[in-house]
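Chain by chain, the residues:
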Amino acid sequence: MSAAAADLEPDIREIGARLAAAFPSAARHPVKALDAKAMDLAAQDDELRAALFRFVDVVPACRSLDDLAAHLTSFLEEIETRPPPLAVAMRMADSRAGRKALGAASAAGVRHMAHRFIVAETPRGAERVLRDLWNDGVATSVDLLGEATVTAAEADRYAQRCAEALRSLAEIYARLPARPALEQDANGRLPRANLSVKVSALTPLLRPDAPERGKRDAATRLRGLLRLAAERDAHLHIDMESLDSREAIADLVLELLAEDEFFGGPSAGVVLQAYLRDSGELLDRLLDWARATPRAHPLVVRLVKGAYWDHEIVEARQHGWPTPVFDVKADCDRNFEALTVRLLEARPLVRVAVASHNLRSVAHAIAANRRTGCDDRDLELQVLRGLGDDLQHALAAQGFRVRTYCPVGDLVAGMAYLVRRLLENTSNESFLHEQAKGVPLEQLLAAP
């Protein structure tokens, strides 16, 4: 650890302790406490976790309660040692009435879990949630769920949904009261409406072996969304996905934002994934681009750990490639902190959004930001709906600028997202899992 990093440790511990003290009591959210117990049960048994996630994945395809019960019990049969609630579920499947009750209960459970992470089916349907968050001092980025498209018609429909979302969000936020802490930083005004989109859903042609074709096809749809975002004074954030599409997405976004048409807007951003070993190289490129491409709105860089770890590991092993992601969590955490410092020191070339549920990572970002002499509100802190709710509450209560990533869409479109979130929440190495187990705060805040 460098001397500069070591100097931050007392501040990190103090900030982390204050945030932890501001977390809402579990007694105020008994349903969340039950969810946490269920997640902990899944985290302790890999076979159970795999069976439950396979079941979650097939729920949208089931056409009856009997069908749901049959799928659930077939997955559970593969588990050698079943907790008592699952043993009861298996016995229920022996009768027609029991299968119906089991199917209804399992469907309700999946819907409950999905609604924990997925706000509503449409942005307009999410208006109450967005309004309540804003009134609580929390901004949002709405994400329209949808994975890779396979036809041009699907890509057109996704682009149309994005356009409708931009219009709806602009109207929703125009009706809300002023929130200076969420609408201003040292670089100037921040748009209220904020939409996250996926390039893989804007074209069926995004292929690592022919990136130019996919870029050209996506460019038309993304350019239209950038124009509409500028017209409606909204921020458009482009998500990064798996590694095989990263370079094409980065090329596309930077090329479009460099066009003369978009010099004055809209505010836009990209994602930097710290779990990738070469993430520092992409940051070099983003900063070089920002120096050479002055815009009215600095590029927003959202720093995340990354949500495709399992995919990247499996892909690399199948092809015999070197693993592109950090194998050890501590290495990823250290890289996250190093990238945080680099981003903060690069301002005002970029705006910085640090997205993490790890109390140590968040406290480090706050401490590092203060060491640069900047105001707390010159740093944006982001969390995911359903995973970072307690942290979001604590940050907002202490006056930090916090934004919650709020997915909207139907259960089928959101299934891949839901499974990734469940994997994240039940990982034995995740901060949330360690926190739920009661790991001491001093250990949670220790340097990686």
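Residues numbered from 1 in each chain as written. Predicted model: local features only at pLDDT ≥ 70, side-chain atom pairs only at ≥ 80, totals over all residues. Heavy atoms only, no water.

A. The overall build of the protein, seen in detail. Regarding its fold elements, the protein presents 19 helices and ten strands. Taking all 448 residues of the protein together, the buried fraction comes to 53%. Pairs at least 24 residues apart make up 77% of the contacts formed inside the protein by residues separated by at least 6 positions. Roughly 19,600 Å² of accessible area belongs to the protein as shown, and the carbon and sulfur atoms make up 53% of that amount. (Helix = DSSP H or I, 4+ residues; strand = E, 2+ residues; numbered from the N terminus. Buried < 20%, exposed > 50% of the residue type's maximum accessible area, 1.4 Å probe, protein only. Contact = heavy atoms within 4.5 Å. Areas by Shrake-Rupley, 256 points an atom, 1.4 Å probe, with all protein chains shown as cover.)

B. Region of interest: the confidence of the model for the protein. Confidence in the prediction of the protein, expressed as mean pLDDT, is 85, and 76% of residues score 70 or more. Ranking the elements of the protein by mean pLDDT puts helix α2 (residues 30–44) last, at 52, and strand β8 (residues 350–355) first, at 98. (pLDDT = per-residue confidence, 0-100.)

C. Spatial organisation of the environment of Cys374. Locating Cys374 in the fold gives a position in the loop between α15 (359–371) and β9 (380–384). Judged by relative accessible area, Cys374 falls into the partly exposed class, the value being 30%. Setting aside chain neighbours within four positions, we find Cys374 in contact with Arg347 and Asn369.

D. Here's a closer look at the nonpolar core. Core analysis: the biggest nonpolar cluster contains 97 residues, and Leu19, Leu195, Leu222, Leu236, Ile366, Leu381 and Leu395 have the highest contact counts within it. In terms of residues, this core owes the most to one element, helix α8 (residues 152–174), which gives nine residues. The contacts of Leu395, once residues within four sequence positions are left out, are Leu19, Val362, Ile366, Leu381, Phe400 and Val402. Counting seven residues, the second largest nonpolar core, distinct from the first, contains Tyr275, Leu276, Ile313 and Cys332. (Core = buried A, V, L, I, M, F, W, Y, C linked by side-chain atoms within 4.5 Å.)

E. Representation of the packing of aromatic side chains. One pass over the structure, following the stated rule, counts one aromatic pair. Aromatic pair Trp134 and Tyr173: ring centres 5.4 Å apart, planes at 75°, arrangement edge-to-face. Highlighted residues: Trp134 in helix α7 (residues 127–135) and Tyr173 in helix α8, separated in sequence by 39 residues. The two residues Trp134 and Tyr173 agree in class, both being buried. Its end group placed over the ring of Phe336, Lys305 keeps NZ or CZ at 4.8 Å from the ring centre. (Phe/Tyr/Trp six-rings, centres within 6.5 Å; stacked < 30°, edge-to-face > 60°. Lys NZ or Arg CZ within 6 Å of the ring centre and 35° of its normal.)

F. Layout of the sheet that holds strand β5 (residues 235–239). Judged by pairing direction, the barrel is parallel, and its eight strands sit side by side in the order β1-β4-β5-β6-β7-β8-β9-β10 before closing back on the first. Across this sheet, the average inter-strand angle for adjacent strands is 30°, counted without regard to direction. Where strand β1 (residues 138–144) meets strand β10 (residues 401–408), seven bridges bridge the pair, whose relative direction is parallel. When the bridges of β10 are listed, Thr140 appears paired with Thr404. In the packing of helix α10 (residues 211–231) onto the sheet, contacts are made with β4 (194–198) and β5, and the angle to β5 comes to roughly 150°. (Pairing = 2+ DSSP bridges. Axes fitted to C-alpha atoms, helices over the stretch in contact; angles between N-to-C directions.)

G. Main features of the pattern of salt bridges. Taken as a whole, this structure holds 35 salt bridges when the rule is applied. A salt bridge links Glu127 to Arg175, with the nearest nitrogen and oxygen atoms 2.8 Å apart. Here Glu127 is found in helix α7, whereas its partner Arg175 is found in the loop between α8 and α9 (180–183), with 48 residues between them in sequence. Overall, Glu127 belongs to the partly exposed group, its relative accessible area being 22%. Residue classification places Arg175 among the exposed residues on the basis of a relative accessible area of 51%. The salt bridge partner of Asp251 is Arg285, with a shortest N-O separation of 2.4 Å. You can see Asp251 sitting in helix α11 (residues 243–257) and its partner Arg285 sitting in helix α12 (residues 279–292), a full 34 residues away along the chain. (Salt bridge = Lys/Arg side-chain N within 4 Å of Asp/Glu carboxyl O.)

H. α12, seen in detail. With 14 residues, α12 should reach 20 Å at 1.5 Å per residue; the first-to-last C-alpha distance of 20 Å fits that figure. Where α12 is buried, its residues meet α11, β6 (268–273), β7 (299–304), α14 (329–346) and β8. (Expected span 1.5 Å × (residues − 1).)

I. Region of the structure containing the packing of α7 against α8. The contact between α7 and α8 brings their axes to 11 Å, and the two run at 45°. Here α7 lies oblique to α8, going by the angle between them. Relative to α8, α7 is oriented so that their crossing is right-handed. For the pair α7 and α8, the contacting residues are Glu127, Leu130 and Trp134 in the first and Leu169, Ile172 and Tyr173 in the second. (Parallel < 35°, antiparallel > 145°, perpendicular 65-115°, else oblique. Left-handed = near helix turned anticlockwise from the far one by under 90°.)

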